[in-house]
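# Topology and contacts: notes
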Amino acid sequence: MKTMTKGAAALPLNTIVAGDCIEAMNALPAESVDLIFADPPYNLQLRGDLHRPDNSKVDAVDDEWDQFASFKAYDDFTRAWLKAARRLLKPDGAIWVIGSYHNIFRVGAALQDQGFWILNDVVWRKSNPMPNFRGKRFTNAHETMIWAGKSENSKYTFNYEALKALNEGIQMRSDWVLPICTGHERLKDDAGDKAHPTQKPESLLHRILVGSTNPGDVILDPFFGTGTTGAVAKMLGRDFIGIEREAAYRKVAEKRISMVRKFDNEALQTTTSKRAEPRVPFGQLVERGMLRPGENLYSMNGRHKAKVRADGTLIGSDVKGSIHQVGAAYEKAPSCNGWTYWCYKKDGKNVPIDILRQQIRAEMAN
């Protein structure tokens, strides 16, 4: 992992590109990136210093990179970087943009104007937000992320089963309760101060990358900062491209990412949808002798049985057809998943036929 100057012709994988994000993106090959995670300036419009009740100064975001002369100037900037970002996305690519109430609504409109197709807005609810010191507004305890496909027809990646597994078997919702960066995760500069005022937690990027990318995908972060996206991408076996104009942030990011280890290939595998697994016809079990013609199958509820035929169909007392059709007929149901409905006898015990299908799938994966 190294720093490159802007304008590199080849795709600079696992590299931090130094320079302006728009110029750097325009220098990269079109349709070369699977996912973009963008944490752009929020345009916080701070008016003077912010102090705690004890009059101590709050370390707020007052950096030059977050300051714009007007809303128009911010909107022009937003449209320019989104245009450059969209050019880089593959046809089935997607983008995540994070922001606060200061900017996210303006960014959302710009996304739609550029032709992106919004899939979800996700609320990151901070479990340990900074208090509201002035006591004149609600405590600002969340940020909003917009997830959008490159177009309405994009076949974007969504690892539904993996996110469900990550959430203890429950569908992942669009409100995520995660802590902000504190303690050991908060990076410091040589003076012991925060290396970056808006460093994002690795847990946030972990969930995004597990949910919407696959190992080997290319992730672009045009506002790289101290490299959270790169660090998590490297751990999860994804390639990254970071763009950062501030030398101090690049220095911290380079050191951080150099110490990150990629998880081993087995650890990188995630739960997939049954629909995404290779299709195995029931007849293949018969062809391979895993089930024999003339052998009986039994419904898991013990009420029905049917005989296996040489062509991979079943015949019952008054019905014949596929494992799905016969199961549906017996249960007087519009449909039936024969793989989970039928079992066979082995050593006097019922064994689901789906076990045999999984054996074949395991062989196909090797």
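Refer to the structure presented above.
The structure presented is a predicted model; accordingly, all values stated were derived computationally and were not measured. (Residues numbered from 1 in each chain as written. Predicted model: local features only at pLDDT ≥ 70, side-chain atom pairs only at ≥ 80, totals over all residues. Heavy atoms only, no water.)

### Section: the packing of helix H6 (residues 228-235) against helix H7 (residues 247-258)
For the record, the criterion: For helices, the axis comes from a line fit to the C-alpha atoms of the stretch in contact; other axes are also lines fit to C-alpha atoms, and the angle between any two N-to-C directions lies between 0 and 180 degrees. Under the scheme used here, helices are H or I runs from DSSP no shorter than 4 residues and strands are E runs no shorter than 2 residues, and both carry numbers assigned from the N terminus. If an angle is under 35 degrees, it is roughly parallel; if it is over 145, roughly antiparallel; if it lies from 65 to 115, roughly perpendicular; otherwise it is oblique. Take the far helix as your reference; a near helix turned counterclockwise from it by less than a right angle gives a left-handed crossing, and one turned clockwise gives a right-handed crossing. Contacts: residue pairs with any heavy atoms within 4.5 Å of one another. Gly is placed with the polar residues, together with every amino acid not listed as nonpolar (Ala, Val, Leu, Ile, Met, Phe, Trp, Tyr, Cys and Pro) or charged (Asp, Glu, Lys and Arg).
The N-to-C vectors of H6 and H7 enclose an angle of 15°; their axes lie 9 Å apart at closest approach. One way to sum up the angle between H6 and H7 is to call them roughly parallel. In this structure, the crossing between H6 and H7 has a hand that is right-handed. For the pair H6 and H7, contact is made by Thr228, Gly230, Ala231 and Lys234 and by Arg256, Ile257 and Ser258, respectively. Residues belonging to the contact of H6 with H7 are distributed by class as follows: two nonpolar, three polar and two charged.

### Notes on the pattern of salt bridges
Our working definition: Put simply, a salt bridge is a Lys or Arg side-chain nitrogen that is within 4 Å of an Asp or Glu carboxyl oxygen. Working definition: with a 1.4 Å probe on protein chains only, accessible area under 20% of the residue-type maximum means buried, over 50% means exposed, and in between means partly exposed.
Using the criterion set out here, one finds 13 salt bridges in the structure. A salt bridge links aspartate 75 to arginine 106; the shortest N-O distance between them is 2.7 Å. Separated by 31 residues along the polypeptide, aspartate 75 in helix H2 (residues 71-88) and arginine 106 in helix H3 (residues 104-114) bring together distant segments of the chain. Judged by its relative accessible area of 17%, aspartate 75 falls in the buried class. For arginine 106, a relative accessible area of 31% gives the class partly exposed. Arginine 256 is the partner of glutamate 202 in a salt bridge, and the nearest nitrogen-oxygen pair spans 3.1 Å. Placement of glutamate 202 in helix H5 (residues 202-212) and of arginine 256 in helix H7 is noted, with a sequence separation of 54 residues between them. Judged by its relative accessible area of 9%, arginine 256 falls in the buried class. Through salt bridges with shared partners, a single ionic network connects Lys72, Asp76 and Arg79.

### Digging into H2
For the record, the criterion: The span expected for a helix works out to 1.5 Å for each residue beyond the first.
Helix length check: H2 (18 residues) gives 26 Å between terminal C-alpha atoms against 26 Å at 1.5 Å per residue, within 8%. Within the span of H2, buried status applies to Tyr74, Asp75, Phe77, Thr78, Trp81, Leu82, Ala84, Ala85 and Leu88. Of the surrounding elements, those touching the buried residues of H2 are helix H1 (21-26), strand S3 (33-38), strand S4 (89-99), H3 and strand S8 (218-221).

### Overview of the packing of aromatic side chains
Our working definition: The aromatic pairing rule takes the rings of Phe, Tyr and Trp, using the six-membered ring of Trp, and pairs them if the centres are within 6.5 Å, calling planes under 30 degrees apart stacked, those over 60 edge-to-face and the rest tilted. Note on criteria: charge over ring means Lys NZ or Arg CZ within 6 Å of the ring centre, with the direction from the centre no more than 35 degrees off the ring normal.
Taken as a whole and assessed by the stated rule, the structure comprises 12 aromatic pairs. Consider the rings of tryptophan 147 and tyrosine 156, whose centres lie 5.3 Å apart with planes at 85°: the pair is edge-to-face. Centroid distance phenylalanine 224 to phenylalanine 240: 5.7 Å. Interplanar angle 10°. Geometry classified as stacked. Taken as a pair, phenylalanine 224 in the loop between S8 and H6 and phenylalanine 240 in strand S9 (residues 239-244) lie far apart in primary sequence, 16 residues in all. Exposure class is identical for phenylalanine 224 and phenylalanine 240. Each is buried. Joined through ring pairs, the aromatic side chains of Trp96, Trp147, Tyr156, Phe158, Tyr160 and Trp176 make up one cluster. The side chain of arginine 86 reaches across the aromatic face of phenylalanine 116, ending 5.7 Å from its centre. Seen from the ring of tyrosine 298, lysine 345 lies directly overhead, with NZ or CZ sitting 5.2 Å from the centre.

### Things to note about the sheet that holds strand S10 (residues 296-299)
Inclusion rule: When DSSP finds two or more bridges between a pair of strands, those strands are recorded as paired.
Spatially, six strands are ordered S13-S12-S11-S10-S14-S15 in an open sheet, and the strand pairing comes out antiparallel. The open sheet has two edge strands with one neighbour each: strand S13 (320-321) and strand S15 (349-352). Where strand S12 (residues 314-315) lies against S13, two bridges are found, and the strand directions are antiparallel. From the neighbouring strand, leucine 314 faces S13, where its bridge partner is glycine 321.

### Focus on the pairing of S3
The element S3 is largely enclosed, with a buried count of six among its six residues. Note: S3 against S4, five bridges, orientation parallel. Note on S4: the bridge partner recorded for alanine 38 is valine 97. For S3 and S8, the ladder comprises two bridges, and the chain directions are parallel. From the neighbouring strand, isoleucine 36 faces S8, where its bridge partner is leucine 220.

### A short note on the nonpolar core
Inside soluble globular proteins, nonpolar side chains tend to come together where they are buried. Definition in use: The definition of a nonpolar core used throughout is a set of buried Ala, Val, Leu, Ile, Met, Phe, Trp, Tyr and Cys residues joined through side-chain atoms within 4.5 Å.
Within the largest apolar cluster, 32 residues are counted, with the highest numbers of intra-cluster contacts made by Trp96, Met145, Trp176, Leu204, Ile208 and Leu209. Elements with a contribution of two residues or more to this core: S3, S4, strand S5 (117-126), strand S6 (142-149), strand S7 (175-178), H5, H6 and H7. The element best represented in this core is H5, accounting for five residues. When residues no more than four places from it in sequence are discounted, the contact partners of tryptophan 96 are Leu35, Ile36, Phe37, Ala38, Val122, Met145, Ile146, Trp147, Trp176, Ile208 and Ser212. In this structure, Ile22, Met25, Val107 and Phe116 belong to the second largest nonpolar core, which totals 31 residues.

### Overview of unusual backbone geometry
We note that asparagine 14 has phi near 55°; this positive angle belongs to a residue other than glycine. Its place among the elements puts asparagine 14 in the loop between strand S1 (2-5) and strand S2 (15-18). Phi is positive for aspartate 347, which is not a glycine, with a value near 55°. As for its placement among the helices and strands, aspartate 347 is situated in the loop between strand S14 (342-346) and S15.

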